[in-house]
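Residue strings, one per chain:
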2 protein chains.
Amino acid sequence: MINKIALAGCGNVGTAFLELLHKKRALLDEKYGFKFEVTMVTDLMKGTVVDPNGIDLAAALDMLHKKNSFKGFPQFDGSFVETLEKSEATILAEVTPTDLKTGEPGLSHIKAALSRGINVTMTNKGPVAVAADELQKLAEECGAKLRYEGVVMSGTPLIDMLRHGMAGCAIQKIEGILNGTTNYILSQMTNGMTYAEALEKATELGYAEADPSGDVEGWDAAGKVAILAKIAFDKIIHVGDVKRTGITDVTPEKIKESLAAGYRVKLIAGLEVTPLGLYAYVQPKEIHISHPLASVEGATNAVTITTDNLGDVTLIGPGAGRTETAQALLTDVIAMA
Amino acid sequence: MINKIALAGCGNVGTAFLELLHKKRALLDEKYGFKFEVTMVTDLMKGTVVDPNGIDLAAALDMLHKKNSFKGFPQFDGSFVETLEKSEATILAEVTPTDLKTGEPGLSHIKAALSRGINVTMTNKGPVAVAADELQKLAEECGAKLRYEGVVMSGTPLIDMLRHGMAGCAIQKIEGILNGTTNYILSQMTNGMTYAEALEKATELGYAEADPSGDVEGWDAAGKVAILAKIAFDKIIHVGDVKRTGITDVTPEKIKESLAAGYRVKLIAGLEVTPLGLYAYVQPKEIHISHPLASVEGATNAVTITTDNLGDVTLIGPGAGRTETAQALLTDVIAMA
């Protein structure tokens, strides 16, 4: 069977996904029996190309690299649903920009696909944070599969580990460094910079956005906490209900004091089973240097999962990056096929 | 469908597996749709009980805890194959003691099961190190499944991560702390003990065996390297062909020098793709304190996997323990069902 892949959103991650598919075509067939064509690419800025028999991926990538656009190809002019139907896709890879409040436009794209029995993989956190349960039910009703390895820790396989690798374990607690930007800033402050200097450097390097509040006030990490609450504990927690403190009040003095006492200050995104229910938070915490999370530096992410059968298991890996996130889409499409 | 589980070997891990199955029966059904009966338990010392309709697990565990034996139950007197056939098992959990040279008695048990279409999970390293390829082929020919999450890092889901979580990545290098006993000894030497003192303490705590050579000379880690060569690189490497240096020549002076220079001495079990082929080794190495492996202390295990798409991913977790290893069997039986 040929998997027909539709891609919604062709920014950094979408482009890297097309590159991986192109580069690994032979290996995917040989090692996993995964045969595919890309039958649709749509991007608000770059245009829309559809061919149910498969787009010429080498030519499309060439045009993307040279002109940052698909507009040299014949354009398909129709709604998202019309485009998707025309593409005869069996898998939608949804990588449009994240909106943690509405989940759009990804949410509509995903519903359109699932309701037509099309499997969906996404790296867009919005739809998962807003409607994970609804989407899962829709997928089950329509006999479609839904995976989103890339929404937390990019391609580092945390979600697969929670769902499958640790099957049979009861999870008691999760503590993670889930936002690379703030971890980079805190690492630089540990090396002596002020908050303002570290933020400026993070912005220069492209880690922080022009408006950094989503990162430094803990919203991005809170979105990931909401997603992990569903995956690890089957609980719905809204992003706004995560107890949230950012890093804007962390001072170099505080960091220096902690260091002297043998601790590192980290922005911890956490979930913990308590007698009062599941406690969800994002908060700067002092982590003892003997703990695996203490030595996680820069933009790297990490999570420690405390369980009944295994005690603590820690996973450390990239939390962002175009190829790293595209890798999550690749694992998902292999798993779904 | 009711999964019928046969257990071969009922020492610490086998007993812990029965305890987990008993404790989690309701959860396994609810969360994973996994229904089961244990229809056979056989142990050289403790006896053999078979009932194709299901052994009374509460009574069996009670007898095991009180008398360390099943001999209060009616005993089945037959060969392993006769016992297995009588049990009508659909899954064999093979946890007899490891023999890295012959793979026996596990190897014969596993072949008997697979050739009858019975799925197999094992924590016994021997059969995998000796005959992973042969067993995989037999499983495929006979339409049976074969999993062995527990042979490396106990229930820490390394093998599942290599096979599924990182699907699509090319692995370039693996560096791991895969033997808890030697890591414990090196940790104690870092804290000031001599090698002899640390070994004595490890023996007292039950980490090291009366003859510690399997651990301290790197044989155990070499067996794991051979297993990972097959899983991560699809290459057959015999345990004897792993370049192997143990920790017996590591001196407190060497450790002190390394510490002063910002390094920790760790027994690293590794695999690396080189222009001359796959290089497999076990060797004490200096690891810089900024590397996640440097802070892995005591009996904990850890692996850093270097890949094309994700860069470095590190997994840290228990490497041994009765419940931790039984958890691997539990994940495997859930995945196979």
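Structure: see above.
Residues numbered from 1 in each chain as written. Chains lettered and ligands numbered in written order. Predicted model: local features only at pLDDT ≥ 70, side-chain atom pairs only at ≥ 80, totals over all residues. Heavy atoms only, no water.

A. Region of the structure containing the sheet that holds strand β4 (residues 91-94) of chain A. Residue and element names in this part refer to chain A. Strands sit in the order β3-β2-β1-β4-β5-β6 across an open sheet of six strands; the sheet is mixed. In this open sheet, the two edge strands, each paired with only one partner strand, are β3 (47-50) and β6 (146-147). Relative to β3, strand β2 (residues 35-43) is paired through four bridges, and the arrangement is antiparallel. In the strand pairing of β3, D43 is matched with G47. (Pairing = 2+ DSSP bridges. Helix = DSSP H or I, 4+ residues; strand = E, 2+ residues; numbered from the N terminus.)

B. Spotlight on the sheet that holds strand β7 (residues 171-177) of chain A. Spatially, twelve strands are ordered β8(A)-β10(A)-β9(A)-β7(A)-β11(A)-β12(A)-β12(B)-β11(B)-β7(B)-β9(B)-β10(B)-β8(B) in an open sheet, and the strand pairing comes out mixed. The open sheet is flanked by β8 (243-244) of chain A together with β8 (243-244) of chain B, the only strands paired with a single partner. Here two bridges tie β8(B) to strand β10 (residues 277-288) of chain B, and the two strands are oriented parallel to one another. Residue K243(B) lies in a different strand from β10(B), and its bridge partner there is Y281(B). Its contacts with the sheet put helix α11 (residues 219-233) of chain B on β7 (171-177), β8, β9 (263-274) and β10 of chain B, and the angle it makes with β9(B) is roughly 35°. (Contact = heavy atoms within 4.5 Å. Axes fitted to C-alpha atoms, helices over the stretch in contact; angles between N-to-C directions.)

C. Structural view of the packing of aromatic side chains. Here the structure, examined in full by the defined rule, presents six aromatic pairs over all chains. For the ring pair Y279(A) and Y281(A), a centre distance of 5.1 Å and an interplane angle of 25° mean the geometry is stacked. It is R25(B) that lies over the ring of F36(B); its NZ or CZ is 4.3 Å from the centre. Stacked on the ring of W219(B), the Lys or Arg R244(B) has its end atom at 3.7 Å from the ring centre. (Phe/Tyr/Trp six-rings, centres within 6.5 Å; stacked < 30°, edge-to-face > 60°. Lys NZ or Arg CZ within 6 Å of the ring centre and 35° of its normal.)

D. Quick look at the nonpolar core. Formed by 149 residues in total, the largest nonpolar core has its most connected members in L84(A), Y148(A), I174(A), Y148(B) and I174(B). Look past the residues within four positions of I174(B) in its chain and what remains in contact with it is L162(B), L228(B), A232(B), F233(B), A269(B), G270(B), L271(B), V303(B), T304(B) and I305(B). (Core = buried A, V, L, I, M, F, W, Y, C linked by side-chain atoms within 4.5 Å. Buried < 20%, exposed > 50% of the residue type's maximum accessible area, 1.4 Å probe, protein only.)

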